[in-house]
Amino acid sequence: MKNDLKKGFYFKTYEAPFQSPFEKLFGIFKELITHTSGDFDEAIDWLRELDKEYKLTDTNYTIDDFIEDLKKKGYIKDEVKNDGTPGFGITAKTERAIRQQALDQIFGNLKRAGTGNHKTKHAGNGDEHTGEFREFNFGDGLERISLTESLRNAQINNGVESFMLTENDLVVEEAQFKAQMSTVLMIDISHSMILYGEDRITPAKKVAMALAELITTRYPKDTLDILVFGNDAWTIPIKDLPYLQVGPYHTNTVAGLQLAMDILRRKRNTNKQIFMITDGKPSCVRERDGSYYMNSNGLDEYIVDKCYTQAQQARKLHIPITTFMIARDPYLQRFVNHFTEANQGKAFYTGLKGLGEMIFEDYETNRKKRVR
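Everything quoted here is computed from the prediction, not taken from an experiment.

Participant: Explanation requested: the overall build of the protein chain in the structure shown.
Facilitator: Scanning the protein chain for helices and strands turns up 10 helices and 13 strands. Taking all 372 residues of the protein chain together, 45% fall into the buried category. Relative to all contacts within the protein chain whose residues are 6 or more apart in sequence, the contacts with residues 24 or more apart total 70%.

Here it is in structure tokens:
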């Protein structure tokens, strides 16, 4: 009998998955709204320019139709602008969509696991089974006893005919201890983050949004606080990340570190860490009388020494600082090296490319620790 079935690979021209006109434009819109720091009008102006150049729409579905759909789907809302004229603003639904897109872009190649905490390399009183067993000890919870293995031991030790289960037959299954992590993410919003024609703040903003979405969805028992630092330092809620902009500020790294440590002191988690995204050029400190000492040239010895002091203080509190340096100037990198040495933390000279992946990998690594 002739077998007509043939095995092998079948190749064909790639066909992109179907997207509706709205979905195509919405993906671009989310990218633009991130770059414009939440400015809807500016994002739409850019979208119209792109439409002229790349023919994104046709007569059946226009940019005006897209705006109407955004409103119907709850992505934008009516609001009054600062000049008193009516306009549109993005909603919380859009903010969440932007964070999810940032997560997909940066961490999209990662396999999603169930929500929970980070695993350590050590066994303990956790809730994730390891498949390893040991003898039952006084104080072990009854829920940890493996009935199958214990009954098997009883049959081997006492026989089937005179079956009896004794304490010596009991075994418990080891479970992995799951650590909880408290993280403070520091973002430099000084003017140098957009100098020399290089936009450093948008990649930093995307990473912050992705990390926030990752932690809230995958590791809900962890905590993440986000602070920005210019002349001073202050915290911002996750929902405000799309609107983050640089300002006419110097770089008060000391204020940022002080606020980060104050936040972490109040956390009950044993595992704590600081992530700092910066171009590594501290240029400002606030004195006790409220005045500011500034040096726009950067790396003023007085300012730098105060940074080193804060790094040492964090080390005493067992708070490692991981610095993500996004400038390549050798003299700035030397400062980060000394700063990292003072804290016994880590530094990554990533530039802008690969910043998100680097932060995620370090976040995962730091969680796989058990603090005694």
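Participant: Any chance you could explain the sheet that holds strand S8 (residues 233–236) here in plain terms?
Facilitator: Taken in spatial order, the six strands line up as S8-S7-S6-S9-S12-S13 in an open sheet, and their pairing is mixed. Looking at which strands have only one partner, the edges of the open sheet turn out to be S8 and strand S13 (346–348). Between one strand and the next, the sheet's axes are offset by a mean angle of 20°, whatever the strand orientation. Bridge count between strand S12 (residues 321–325) and S13: three bridges; the pairing is parallel. Bridge pairing in S13 places Thr323 opposite Ala347.

Participant: I tried to follow the pattern of salt bridges on my own but got confused; where do I start?
Facilitator: Close approach of charged atoms allows side chains of opposite charge to pair. Enumeration according to the criterion identifies 15 salt bridges in this entry. Between Asp41 and Lys81 there is a salt bridge whose closest N-O contact spans 2.5 Å. One end of the pair, Asp41, is in helix H2 (residues 40–54); the other, Lys81, is in the loop between strand S1 (76–80) and strand S2 (86–90), and 40 residues separate them in sequence. Exposure remark for Asp41: the relative accessible area of 29% places this residue in the partly exposed category. Linking Arg152 and Glu149 is a salt bridge whose minimum nitrogen-to-oxygen distance equals 3.9 Å. Separated by three residues within a single helix, Arg152 and Glu149 lie in helix H5 (residues 147–158), roughly one turn from each other.

Participant: Would you mind showing me how to read helix H9 (residues 330–343) here?
Facilitator: One full turn of an α-helix is made of 3.6 residues, so residues set three or four places apart face in the same direction. The terminal C-alpha atoms of H9, which comprises 14 residues, lie 20 Å apart, in line with the 20 Å expected from a rise of 1.5 Å per residue. Where H9 terminates, the next one or two residues include Gln344, which has phi positive at roughly 60°.

Participant: Whenever I open this one, the nonpolar core confuses me. Can you help?
Facilitator: The tendency in soluble globular proteins is for nonpolar side chains to be buried side by side. Ranked by size, the top nonpolar core spans 53 residues in total, and within it Phe29, Phe66, Leu70, Leu185, Ile187, Leu211 and Ile277 carry the most contacts. The element that contributes the greatest number of residues to this core is helix H6 (residues 201–218), accounting for 10 residues. Among all residues touching Leu185, those that are not within four sequence positions of it are Ala208, Leu211, Leu224, Asp225, Ile226, Leu227, Phe275 and Ile277.

Participant: Teacher, can you tell me more about the pairing of S2 here?
Facilitator: Moving residue by residue along a regular strand, the side chains alternate between the two faces of the sheet. Sheet topology places S1 next to S2; five bridges connect them, and they run antiparallel. Looking across to S2, one finds that Asp78 is bridged to Phe88. Once S1 ends, the chain turns through five residues before running back antiparallel as S2, passing Gly84 with a positive phi of about 90°.

Participant: What exactly am I supposed to notice about the side chain of Asp51 here?
Facilitator: Relative to the elements of secondary structure, Asp51 occurs in helix H2. Notably, Asp51 is buried but unbridged: the nearest opposite-charge side chain belongs to Arg48, and the N-O separation is 6.6 Å. Side chain to side chain, Asp51 and Thr57 meet in a polar contact 2.8 Å long.

Participant: Which parts of the structure should I look at to understand the environment of Thr323?
Facilitator: Locating Thr323 in the fold gives a position in strand S12. Each C-alpha atom of the pair Thr323 and Ile359 lies 9.6 Å from the other, and the pair is 36 residues apart in sequence. In contact with Thr323, other than residues within four places in its own chain, are Met276, Thr278, Val336, Phe339, Lys346, Ala347 and Phe348.

Participant: Can you help me understand unusual backbone geometry in this one?
Facilitator: A negative phi angle characterises most non-glycine residues, just as the trans form characterises most peptide bonds. A positive phi angle, near 55°, is found at Lys55, a position not held by glycine. Tracing the sequence through the fold places Lys55 in the loop between H2 and helix H3 (63–72).

Participant: Help me understand the packing of helix H7 (residues 253–265) against helix H8 (residues 301–316) in this model?
Facilitator: Between two packed helices, both the angle of their axes relative to each other and the distance between the axes serve to describe the pair. The geometry of H7 relative to H8 is characterised by a closest axis approach of 9 Å and an angle of 15° between their N-to-C directions. The orientation of H7 with respect to H8, classified from their angle, is roughly parallel. In this structure, H7 meets H8 at a crossing whose hand is left-handed. Listed contacts from H8 to Thr253, Val254, Leu257, Gln258, Met261 and Arg265 of H7 are Ile303, Lys306, Cys307, Gln310, Gln313 and Ala314. Partitioned by chemical class, the residues of the contact of H7 with H8 number six nonpolar, four polar and two charged.

Participant: Whenever I open this one, the environment of Pro203 confuses me. Can you help?
Facilitator: Residue position: Pro203 is located in helix H6. Once the C-alpha coordinates of Pro203 and Ile326 are considered, the two residues, 123 residues apart in sequence, prove to be 10.0 Å apart.

Participant: Which parts of the structure should I look at to understand the packing of aromatic side chains?
Facilitator: Aromatic ring pairs are described here by two measures, namely the spacing of the ring centres and the angle between the planes. For the structure on display, the rule yields 14 aromatic pairs. A centroid spacing of 5.3 Å and a plane angle of 15° characterise the contact between Phe22 and Phe26, whose relative ring orientation is stacked. Taken together, the residues span about one helical turn, with Phe22 and Phe26 both in helix H1 (residues 21–35) at a distance of four residues. The pair Phe22 / Phe26 is uniform in exposure class, with both members buried. An angle of 85° between the planes, with centres 5.5 Å apart, marks the rings of Phe275 and Phe324 as edge-to-face. One end of the pair, Phe275, is in strand S9 (residues 271–278); the other, Phe324, is in strand S12, with 49 residues separating them in the sequence. Residue Phe275 is classed as buried on the basis of its relative accessible area of 0%.

Parameters and conventions
- Residues numbered from 1 in each chain as written.
- Predicted model: local features only at pLDDT ≥ 70, side-chain atom pairs only at ≥ 80, totals over all residues.
- Heavy atoms only, no water.
- Helix = DSSP H or I, 4+ residues; strand = E, 2+ residues; numbered from the N terminus.
- Buried < 20%, exposed > 50% of the residue type's maximum accessible area, 1.4 Å probe, protein only.
- Contact = heavy atoms within 4.5 Å.
- Pairing = 2+ DSSP bridges.
- Axes fitted to C-alpha atoms, helices over the stretch in contact; angles between N-to-C directions.
- Salt bridge = Lys/Arg side-chain N within 4 Å of Asp/Glu carboxyl O.
- Expected span 1.5 Å × (residues − 1).
- Core = buried A, V, L, I, M, F, W, Y, C linked by side-chain atoms within 4.5 Å.
- Lys, Arg positive; Asp, Glu negative; His and termini not counted.
- Polar contact = N/O pair within 3.5 Å; in protein donor to acceptor, adjacent residues only side chain to side chain.
- Parallel < 35°, antiparallel > 145°, perpendicular 65-115°, else oblique.
- Left-handed = near helix turned anticlockwise from the far one by under 90°.
- Nonpolar A, V, L, I, M, F, W, Y, C, P; charged D, E, K, R; others polar.
- Phe/Tyr/Trp six-rings, centres within 6.5 Å; stacked < 30°, edge-to-face > 60°.

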